[in-house]
Amino acid sequence: MAHKLPDLPYDYSALEPAISGEIMELHHSKHHNTYVMKLNEALEKYAEAQNNNDVSAMIALQGAINFNGGGHINHSIFWTNLAPQSQGGGEPPSGALADQITKVFGSFEGLKETFSAKTALIQGSGWGWLAYCKASKSIVFKACANQDPLEASTGLIPLLGVDVWEHAYYLQYKNVRPDYLKAIWSIVNWKNIEDRYSKAII
């Protein structure tokens, strides 16, 4: 079964002014779509290598599967982590997740400050994640390079991911990554993240 580009739950322009419609259209229809197409190509080649019992070819394809598969996974989460303000974007978390945020980061503002500061420092391309660690039964921050998928590479369960590849913000924020990270909090969909948290702690 080939992987498909997921539809966005809002219009490309719905996240303005935090993220421009032009960025969203390019990011979703071009960048994410390319990850999906290349993932499907790599998986087809992997299936062929399996049929031929070609272990060397299967190993050689791992990089393409990790990169493009990670890009597909990460972006599929990212789109749902965001919402227009008319649909609750930017409204602060509540309930058990809010309590956990206060316990770990001191306050909601403490989470935003820590997350933004650490994500801004990611060298080159990557993602900042708020994640759940089953071992410690706690939320944690984790940075991942490139398109490394969080759960597959660290065992942590993704709750909130913020893309800091330049294609996610450069047309609007140029090289000032901290401005993008400051703006994105106004459209974070905490209802989605609360749902992910409630499923993670089971």
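Rules used throughout
Residues numbered from 1 in each chain as written. Predicted model: local features only at pLDDT ≥ 70, side-chain atom pairs only at ≥ 80, totals over all residues. Heavy atoms only, no water. Helix = DSSP H or I, 4+ residues; strand = E, 2+ residues; numbered from the N terminus. Rg over C-alpha atoms; globule rule 2.2 N^0.38 Å. Buried < 20%, exposed > 50% of the residue type's maximum accessible area, 1.4 Å probe, protein only. Areas by Shrake-Rupley, 256 points an atom, 1.4 Å probe, with all protein chains shown as cover. Disulfide = S-S within 2.5 Å. Core = buried A, V, L, I, M, F, W, Y, C linked by side-chain atoms within 4.5 Å. Contact = heavy atoms within 4.5 Å. Salt bridge = Lys/Arg side-chain N within 4 Å of Asp/Glu carboxyl O. Pairing = 2+ DSSP bridges. Axes fitted to C-alpha atoms, helices over the stretch in contact; angles between N-to-C directions.

Engineer: Hey, could you go over the overall build of the protein chain for me, with residue numbers and the actual values?
Structural biologist: Counting secondary structure elements, the protein chain contains nine helices and three strands. Its C-alpha atoms give the protein chain a radius of gyration of 18 Å, near enough to 17 Å, the size a compact globule of 202 residues would have. The principal-axis extent of the C-alpha atoms belonging to the protein chain is close to 55 × 40 × 30 Å. Buried residues in the protein chain amount to 46% of all 202 residues. Surface accessibility of the protein chain: about 10300 Å² in total, with carbon and sulfur atoms responsible for 52%.

Engineer: So, the state of the cysteines: which residues are in play, and what are the values?
Structural biologist: Under the criterion given, the structure shown has zero disulfides. Here Cys-133 is not disulfide-linked; the sulfur of Cys-144 is the nearest cysteine sulfur, at 13 Å. Residue classification places Cys-133 among the buried positions, given a relative accessible area of 16%.

Engineer: Hey, could you go over the nonpolar core for me, with residue numbers and the actual values?
Structural biologist: Ranked by internal contacts, the top residues of the largest apolar core, which has 49 residues, are Ile-19, Leu-130, Ile-139, Leu-160, Tyr-180 and Trp-190. Broken down by element, this core gets its largest block of residues, six residues, from strand β1 (residues 126-133). Look past the residues within four positions of Ile-19 in its chain and what remains in contact with it is Met-24, Leu-82, Gln-172, Tyr-180, Ile-184 and Ile-187.

Engineer: So, unusual backbone geometry: which residues are in play, and what are the values?
Structural biologist: A cis amide bond, omega 5 degrees, links Glu-16 with the succeeding residue Pro-17. Assignment of secondary structure puts Pro-17 in the segment before α1 (21-51). Phi at Lys-137 takes a positive value of approximately 55 degrees, unusual for a residue other than glycine. For Lys-137, the location among the structural elements is in the loop between β1 and β2 (138-145). Its relative accessible area of 63% is what places Lys-137 among the exposed residues.

Engineer: Residue-level account of the pattern of salt bridges, with values.
Structural biologist: Under the defined criterion, the tally for this structure stands at three salt bridges. Note that Lys-112 and Glu-109 form a salt bridge whose closest N and O atoms lie 3.0 Å from each other. Here the residue Lys-112 and the residue Glu-109 both occupy positions in helix α5 (residues 108-120), the gap between them amounting to three residues, near one helical turn. Taking relative accessible area as the criterion, Glu-109 reaches 43% and is therefore assigned partly exposed. In this structure, Asp-195 engages Lys-199 in a salt bridge whose closest nitrogen and oxygen atoms are separated by 3.2 Å. With Asp-195 and Lys-199 both in helix α9 (residues 190-200) and four residues apart, this pair spans about one turn of that helix.

Engineer: Can you tell me about the sheet that holds β2, naming the residues and giving the values?
Structural biologist: Here three strands make up an open sheet; going across it, the order is β2-β1-β3 and the pairing antiparallel. Taken across any chain shown, the strands that pair with only one partner, and hence form the sheet edges, are β2 and β3 (157-163). The mean inter-strand angle of the sheet, taken between neighbouring strand axes irrespective of direction, is 25 degrees. Examined bridge by bridge, β1 and β3 share six bridges and lie antiparallel to one another. Note on β3: the bridge partner recorded for Tyr-132 is Ile-157.

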